[in-house]
Amino acid sequence: MSKSKVGLFFGSFNPVHIGHLIIANYMANYTSLDEVWFVVSPQNPFKEKKSLGNMYDRLEMVNLAIDGAEKLRASDIEFNLPQPSYTIDTLVHLAEKYPSKEFILIMGEDNLQGLSKWKNAEILLRDYKIVVYPRPGYEATEDLKNHPSISMTDTPVMELSSTFLRNAIKEGRSIKFYTPDAVVDFIDKKGLYSA
């Protein structure tokens, strides 16, 4: 019995937006992955606390955004792991918890470019597959692009960031269509990012 392939899409999702959703949906439906998990990162100790929305709010926004999408799910796996959470530690933990699944990393070409600086980068490349989506202005080196563990994709590219959404909210501008209506309503109801 072959293991089901789960793509892990790590991020703050602060807040989640259609750029994230397009990447996840593409990965779940146009590659060999069976499903994609949004791995919501907890409070990064190196990030300014104030700029990062509460992790449970961010998880809830992902759940609202992907409601009804059968191949997508939100994961809070890193909420209970030691901080700071390193990708390699999360992968090892997931492999122990879900032995019937094969976990594959999803990352942007910008992250791939800096992969050598990651903790245990050589083990990541040796033991895990990585599916890469393009990022404007970034180009990974040929040796990385041609690495047997790495698959480059033609995921549609969107120049949209969570920072853009947070700034728009702060300025009282509409974020309709940039994120699902359920997420807009949640942000409004809780008054997120407005201060």
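Computed from a predicted structure; not experimentally measured.

Cut-off values and rules
Residues numbered from 1 in each chain as written. Predicted model: local features only at pLDDT ≥ 70, side-chain atom pairs only at ≥ 80, totals over all residues. Heavy atoms only, no water. Helix = DSSP H or I, 4+ residues; strand = E, 2+ residues; numbered from the N terminus. Rg over C-alpha atoms; globule rule 2.2 N^0.38 Å. Buried < 20%, exposed > 50% of the residue type's maximum accessible area, 1.4 Å probe, protein only. Contact = heavy atoms within 4.5 Å. Lys, Arg positive; Asp, Glu negative; His and termini not counted. Charge placed at Lys NZ, Arg CZ, Asp CG, Glu CD. pLDDT = per-residue confidence, 0-100. Right-handed = clockwise from strand over helix to strand, strands pointing away. Pairing = 2+ DSSP bridges. Axes fitted to C-alpha atoms, helices over the stretch in contact; angles between N-to-C directions. Parallel < 35°, antiparallel > 145°, perpendicular 65-115°, else oblique. Core = buried A, V, L, I, M, F, W, Y, C linked by side-chain atoms within 4.5 Å. Polar contact = N/O pair within 3.5 Å; in protein donor to acceptor, adjacent residues only side chain to side chain. Salt bridge = Lys/Arg side-chain N within 4 Å of Asp/Glu carboxyl O.

Draft legend 1. A look at the overall build of the chain. Each helix and strand counted, the chain has eight helices and six strands in total. In the chain, the succession of helices and strands from N to C terminus is β-α-β-α-β-α-β-α-α-β-α-β-α-α. Computed over the C-alpha atoms, the radius of gyration of the chain is 17 Å, within 12% of the 16 Å expected from 2.2 N^0.38 for a compact globule of 195 residues. Here the chain, with 195 residues, has 47% of them falling under the buried criterion. Within the chain, counting contacts between residues at least 6 apart in sequence, those at least 24 apart form 70% of the total. For the chain, the distance from the average site of its 22 positive side-chain charges to the average site of its 25 negative ones is 4 Å.

Draft legend 2. Quick peek at the confidence of the model for the chain. Averaged over every residue, the pLDDT of the chain is 92; residues scoring 70 or more account for 95%. In the model of the chain, helix H6 (residues 142-145) stands out as the element of lowest mean pLDDT, 88, in contrast to strand E3 (residues 72-75), which has the highest, 98.

Draft legend 3. Summary view of the pairing of strand E2 (residues 35-40). The buried fraction of E2 is high, at six of six residues. Alternating positions in E2 separate into two faces, Glu-35, Trp-37 and Val-39 on one and Val-36, Phe-38 and Val-40 on the other, with burial throughout. Once the chain exits strand E1 (residues 4-11) it traverses helix H1 (residues 18-30) before rejoining the sheet at E2, and the crossover so formed is right-handed. Bridge count for E2 against E3 is four bridges, and the pairing is parallel. Counted as the bridge partner of Phe-38 is Ala-74 from E3.

Draft legend 4. Looking closely at the packing of helix H2 (residues 55-65) against helix H8 (residues 181-190). It is at 8 Å that the axes of H2 and H8 come closest, and there the two elements cross at 150 degrees. Considered as vectors, H2 and H8 are oriented roughly antiparallel to each other. Across from Asp-57, Glu-60, Met-61, Leu-64 and Ala-65 in H2, the residues of H8 making contact are Ala-182, Val-183, Phe-186, Ile-187 and Lys-190.

Draft legend 5. Structural context of the nonpolar core. Residues Phe-9, Val-16, Val-36 and Phe-38 are the most contacted members of the largest nonpolar core, which totals 36 residues. Secondary-structure elements contributing two or more residues to this core are H1, E2, H2, E3, strand E4 (101-108), strand E5 (130-133), helix H7 (162-170) and H8. Once you skip the residues sitting within four places of it in the chain, Phe-9 turns out to touch His-20, Ile-23, Ala-24, Val-36, Trp-37, Phe-38, Val-39, Ile-106 and Tyr-133. With 22 residues, the next largest nonpolar core counts Leu-105, Met-107, Ala-121 and Leu-124 among its residues.

Draft legend 6. Highlighting the side chain of His-17. Residue placement: His-17 occurs in the loop between E1 and H1. Residue classification places His-17 among the buried positions, given a relative accessible area of 3%. Side-chain polar atoms of His-17 contact the backbone nitrogen of Gly-19, separated by 3.0 Å. A distance of 3.4 Å separates a polar atom in the side chain of His-17 from the backbone oxygen of Leu-160.

Draft legend 7. Quick look at the sheet that holds strand E6 (residues 150-152). If you walk across this open sheet you meet the six strands as E3-E2-E1-E4-E5-E6, and the pairing is parallel. A strand with exactly one partner marks an edge of an open sheet, and here the two such strands are E3 and E6. Taken pair by pair, the neighbouring strands of this sheet meet at an average axis angle of 30 degrees, ignoring direction. Here three bridges tie E5 to E6, and the two strands are oriented parallel to one another. Paired with Val-131 across the bridge in E6 is Ser-151. Across the sheet, H2 touches E2 and E3, and the angle it forms with E2 is around 160 degrees.

Draft legend 8. Seen up close, the pattern of salt bridges. Using the criterion set out here, one finds ten salt bridges in the structure. Ionic pairing is found between Asp-57 and Lys-190, a salt bridge with its closest N-O pair at 3.0 Å. One end of the pair, Asp-57, is in helix H2; the other, Lys-190, is in helix H8, with 133 residues separating them in the sequence. The class for Asp-57 is buried, based on a relative accessible area of 11%. Look at Lys-190 and you get partly exposed, because its relative accessible area is 45%.

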